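Structural features, examined
Here is how the chains run, residue by residue.
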Amino acid sequence: MELIAPMRLYTLSKRHFVLVFIVFFICFGVIVLIGIAGPEIITSRALPPISPTTKGNLTSPLKLQTPGLSTYNQELWLTCHFEQNSVVEIRKNVSMMVTISGVMQDTSVPNIRVYPHNHTRSLHCANRLCDEIIVLHLGYLNYTEYVITVTFYNLMSSEFPIKDVNFTLKMYNASFSQVEIWFRFIFVVFTFMVTCLFAHSLRKFSMRDWAIEQKWMSILLPLLLLYNDPFFPLSFLVSSWFPGMLDDLFQAIFLCALLIFWLCVYHGFRVQGERKFLTFYLPKLIIVGLLWLAAVTLGIWQTVNELHDPTYQYRVDTSNFQGMKIFFLIVGSVYILYLVFLIVRACSELKNMPYFDLRLKFLTGLTFIVLIISIVIIYLRFGANILQDNFVAELSTHYQNSAEFLSFYGLLNFYLYTLAYVYSPSKNAVYESQLKDNPAFSMLNDSDDDVIYGSDYEEMPLQNGRANKSKYQDESDSD
């Protein structure tokens, strides 16, 4: 058995446990309500419809100009959908060439890309309307206005009679960008305060006496600080792809650290004493490291291609993308199976060990609640199409309203805050640790109610287990 620093978890009564969960749900509910009242994330501006009769059956270039943009708009998408005269269902590939120019403040028009870009998009039409296709995506905005020239090739035909071509510009809502800045700042401040308080509460205990949960919280809280991204305002001060890539990197690091935390804690409950790197940590690092590598590689791949070609889409490179997605799903399945195995083993082996049983029940209960809420949010966002190609910089992968954004950020922050509170030592932890040895030994033979919520024999010596308890009872009866 390992010697561990006391945790507030051991001193909480049933009423306190209920109160902890109530406060968690209240905080999460408040942040969701604020998000519901917040602005829409994506704002759209439809450009005037273009008729084939005015543009020579769409064989001539179509010149489009964006309205005035600011850094608060963050990104820009140009989408297109066709209206056809026929109700017949049609599937075809559409070839197009796109040229992009940026308008400077002095009204000069330099070309962002020297060469035009030719790409093919798959088009599906039914009931006179066609699916929306993304013409281009700009990950950051260098100019206040853009001039975009789109040329279609072999678009009009007798089988595909087009009535109108509708272009739509989509960008981040400037009001939401301000909300995002403020709430990220608030989460950064609260996370910094929680991190300092947690470290302060453990200052009187040697690090080697910390429980495995306390050691991991000392890692996760600083990573949560990065997840909230204190450098996020740089996105609005610097016209570069770097702040956005840094934000994605911080999120991937924190989420993967959280995945490793679950594996290590559930395995660490059963493995006391020295945990060797090769046998304990290395297999977990390999599994989660592959997930992190796949996510980061996919993000960098998309970003680099978009920097060279704003019209790039991962669907163009279908074979490589499908291979990456299959790899991600396989490794993710291995992780889930491994985690379920560790949870089942821990529950079966530790159910009769009061303190370990309490630690196991609390972590599993809170984590299960967080996962259920996350799954519900994801399902409401993507529906049954979650496993389809809604990936990377597609517009469908972005939050649709402030509630989705704040619910995800708030959920993870409040989850870590709750764990930090429960795993930190209580005010009297130093005094109690001087009176009691390791609680895993001293309370091993007591009932769950005696261990967790106190008993009538708290003053009796605990070293000899039930024998001393019986002796204490006999002496009390004789008196």
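Each chain carries its own residue numbering, running from 1 in the direction its sequence is written. Reporting of local features is limited, given that this is a predicted model, to residues whose pLDDT is at least 70; pairs of side-chain atoms are given and counted only at 80 or more, and all residues count toward the totals for whole chains, interfaces and linings. Side-chain measures were taken over the full set of non-hydrogen atoms in the model, leaving aside hydrogen atoms and water.

Moving on to the overall build of the protein chain. Under the DSSP-based scheme used, a helix requires at least four consecutive residues in state H or I and a strand at least two consecutive residues in state E, with every element numbered from the N terminus. Each helix and strand in the protein chain was counted, giving 13 helices and nine strands. Partly exposed describes any residue whose relative accessible area lies between the buried limit of under 20% and the exposed limit of over 50%, with all areas from a 1.4 Å probe on protein chains only and scaled to the type maximum. Expressed as a percentage of its 479 residues, the buried residues of the protein chain come to 47%. In this analysis, two residues are considered to be in contact whenever any of their non-hydrogen atoms come within 4.5 Å of each other. Long-range pairs, those at least 24 residues apart, make up 83% of the contacts in the protein chain with a sequence separation of at least 6. Only the protein chains shown count as covering a residue, and every accessible area follows the Shrake-Rupley method with a 1.4 Å probe. Element-wise, carbon and sulfur atoms account for 62% of the exposed surface of the protein chain, whose accessible area totals about 24,500 Å².

Here the protein chain shows a mean pLDDT of 78. Residues at 70 or above account for 77%. Predicted confidence is poor over residues 384-397, with pLDDT under 50, and the contacts of this stretch with residues over four places away or in other chains come to 43 contacts. Confidence scores per residue from the predictor, reported as pLDDT, run from 0 to 100. Here residues 433-472 is a poorly scored stretch, pLDDT under 50, and it has 47 contacts once near neighbours within four places are set aside; other chains count.

Another point: the packing of aromatic side chains. Two rings from Phe, Tyr or Trp (for Trp, the six-membered ring) form a pair when their centres are within 6.5 Å of each other. A pair whose planes differ by under 30 degrees is stacked, one over 60 is edge-to-face, and the rest are tilted. Per the counting criterion, the structure on display carries 23 aromatic pairs. Measuring from centroid to centroid gives 5.6 Å for Phe24 and Phe25, while their planes differ by 75 degrees, and the two rings are edge-to-face. Here the aromatic rings of Trp182 and Phe185 are separated by 6.3 Å at their centres, their planes lie at 85 degrees, and the arrangement is edge-to-face. Taken together, the positions of Trp182 and Phe185, both in helix α2 (residues 174-201) and three residues apart, correspond to about one turn of that helix. For Trp182, a relative accessible area of 57% puts it in the exposed group. Definition used: whenever NZ (Lys) or CZ (Arg) falls within 6 Å of the ring centre and also within 35 degrees of the ring normal, the charge is taken to sit over that ring. Here the basic side chain of Arg275 rests over the ring of Phe280, its NZ or CZ set 5.8 Å away from the ring centre.

Take the state of the cysteines next. The term disulfide is used for any two cysteine sulfur atoms that are within 2.5 Å. Counting across every chain of the model gives one disulfide. Cys125 shares a disulfide with Cys130; S-S distance 1.9 Å. Linking Cys125 and Cys130, the disulfide has an S-S dihedral of approximately 100 degrees and is accordingly described as right-handed. Taking relative accessible area as the criterion, Cys130 reaches 7% and is therefore assigned buried.

Angular values range over 0 to 180 degrees, each being the angle between N-to-C directions of two axes fitted as lines to C-alpha atoms, with helices fitted over their stretch in contact. For the pair α2 and helix α9 (residues 402-423), the least separation of the axes is 11 Å and the interaxial angle reads 5 degrees. Between α2 and α9, the crossing angle belongs to the class labelled roughly parallel. Across from Phe176, Glu180, Phe183, Arg184, Phe187, Phe190, Thr191, Val194 and Phe198 in α2, the residues of α9 making contact are Ser402, Phe405, Leu406, Tyr409, Gly410, Asn413, Phe414, Tyr417, Ala420 and Tyr423. Partitioning the contact of α2 with α9 into residue classes produces 13 nonpolar, four polar and two charged. In this scheme, roughly parallel covers angles under 35 degrees and roughly antiparallel covers those over 145, while 65 to 115 is roughly perpendicular and the rest are oblique. Asp, Glu, Lys and Arg are counted as charged, while Ala, Val, Leu, Ile, Met, Phe, Trp, Tyr, Cys and Pro are counted as nonpolar; the rest, among them Gly, fall into the polar class.

The topology assignment puts Phe21 in helix α1 (residues 14-37). Residue Phe21 is classed as partly exposed on the basis of its relative accessible area of 21%. Separated by 345 residues in sequence, Phe21 and Leu366 place their C-alpha atoms 8.2 Å apart. Ignoring any residue separated from it by four or fewer positions in sequence, one finds Phe21 in contact with Phe362, Leu366 and Ile369.

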